[in-house]
Amino acid sequence: MGDSTCHILLMRVRSLVFACVGFLIGNIPFISVSLAEEIISFNSAVLPPTPFMIRVSKAQGVPTRQGKPGDALSATLAKPEGQGPFAVVLMFPTCKGWTDMDQDWRAQIVQWGYVAVQVNSVASRPHIDVNCDPARYDGAVGGTDLLFDGMGALEYLSALPYIDAERTAIMGWGLGGSGAVKSVNAHGFARLFKRRFKAAVAFYPDCEMHSEYIAPSLVFVGEKDQLSRPLFCQKMLENTEPNQKHLFTLRIIEGAGHEFNFAQIGWVGDQVQAFLQQHIGQ
């Protein structure tokens, strides 16, 4: 039995124990977790040819060169009960990978009625030395890698009968949040793909100076976060084109530092649920 399978079984047991204790005591709230979970495998997407590459190929009378195959990835997929089709929320981790506390978010997303796909962008690349120092990302997984991971996941999920591939959102923390923001940046690689996310949720991402978006984004950052630097996120909002201001929502959490949301899933969760309902439905 592999490590991933053992981990899932342990999480199921933990969830059932908490549920039983909450039922017996009668006044302990708990999240009901769907047992419809599985490990899926797919490849990160290949960068489509750019318009410039297509024009050059046509001018030279040669086929457009294709990119190399994407990296092999795994993910944990959890779905609500029923036949669907369900909207999907793709989840992406920090540079440290997933932790046990992240399981609460996956369970919460399923409780809201969505399929939750927890992508192992970091763990699936053991040959890469992941570096969490923002000044030293040499050879490490970056936000653009996660963009391609998300597009590869969308391609895989679109073939599943219980998935509504037209209602998809991307959600990430830290490095994963940066990938989420890049996935809805109108000036980045996301514009080259036919499939697109309908919404993005990012917790303390690396706020870059984007100005146009292909889908709405909701960004959370702590007021005292010295890594994500809320001032940069504020500048990102200010630089957004006037006709696209409604596509970028920034929430600066007063007094909070980095990774604040791990202890505040309740209030933050209400914000995220309302945002998802608005943009990918129930």
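Everything that follows concerns the structure shown earlier in this document.
Overview of the structure. (Residues numbered from 1 in each chain as written. Predicted model: local features only at pLDDT ≥ 70, side-chain atom pairs only at ≥ 80, totals over all residues. Heavy atoms only, no water.)

## Notes on the sheet that holds strand β6 (residues 199-203)
- Ordered in space as β1-β2-β4-β3-β5-β6-β7-β8, the 8 strands form an open sheet in which the pairing is mixed. Each edge of the open sheet carries a strand with a single partner, namely β1 (37-43) and β8 (248-253). Within the sheet, the average angular offset between the axes of one strand and its neighbour, ignoring direction, is 20 degrees.
- Across 5 bridges, the pairing between strand β5 (residues 163-173) and β6 is parallel. From the neighbouring strand, A169 faces β6, where its bridge partner is A199.
- Its contacts with the sheet put helix α5 (residues 175-182) on β3 (86-92), β5, β6 and β7 (217-222), and the angle it makes with β5 is roughly 135 degrees. (Pairing = 2+ DSSP bridges. Helix = DSSP H or I, 4+ residues; strand = E, 2+ residues; numbered from the N terminus. Axes fitted to C-alpha atoms, helices over the stretch in contact; angles between N-to-C directions. Contact = heavy atoms within 4.5 Å.)

## Quick word on the pairing of β3
- Of all 7 residues in β3, 7 are buried, a share of seventy percent or more.
- Sheet topology note: the β3/β5 ladder contains 6 bridges and is parallel. The residue bridging V89 from the neighbouring strand is A169, located in β5. (Buried < 20%, exposed > 50% of the residue type's maximum accessible area, 1.4 Å probe, protein only.)

## Things to note about α5
- Of all 8 residues that make up α5, 8 are buried, and the element is covered over most of its length.
- Among all positions of α5, only L175, G176, G177, S178, G179, A180, V181 and K182 are buried.

## Some words on the pattern of salt bridges
- Going through the model one piece at a time under the given rule, you end up with 4 salt bridges.
- For R106, the salt bridge identified is with E37, shortest N-O distance 3.4 Å. Highlighted residues: R106 in helix α3 (residues 102-111) and E37 in strand β1, separated in sequence by 69 residues. (Salt bridge = Lys/Arg side-chain N within 4 Å of Asp/Glu carboxyl O.)

## Here's the deal with the packing of aromatic side chains
- Under the defined criterion, the tally for this structure stands at 7 aromatic pairs.
- Members of the aromatic cluster, joined through ring pairs, are W98, W105, W173, F203 and F220.
- Its guanidinium or amino end placed over the ring of Y162, K79 lies 5.3 Å from that ring's centre, counting from NZ or CZ. (Phe/Tyr/Trp six-rings, centres within 6.5 Å; stacked < 30°, edge-to-face > 60°. Lys NZ or Arg CZ within 6 Å of the ring centre and 35° of its normal.)

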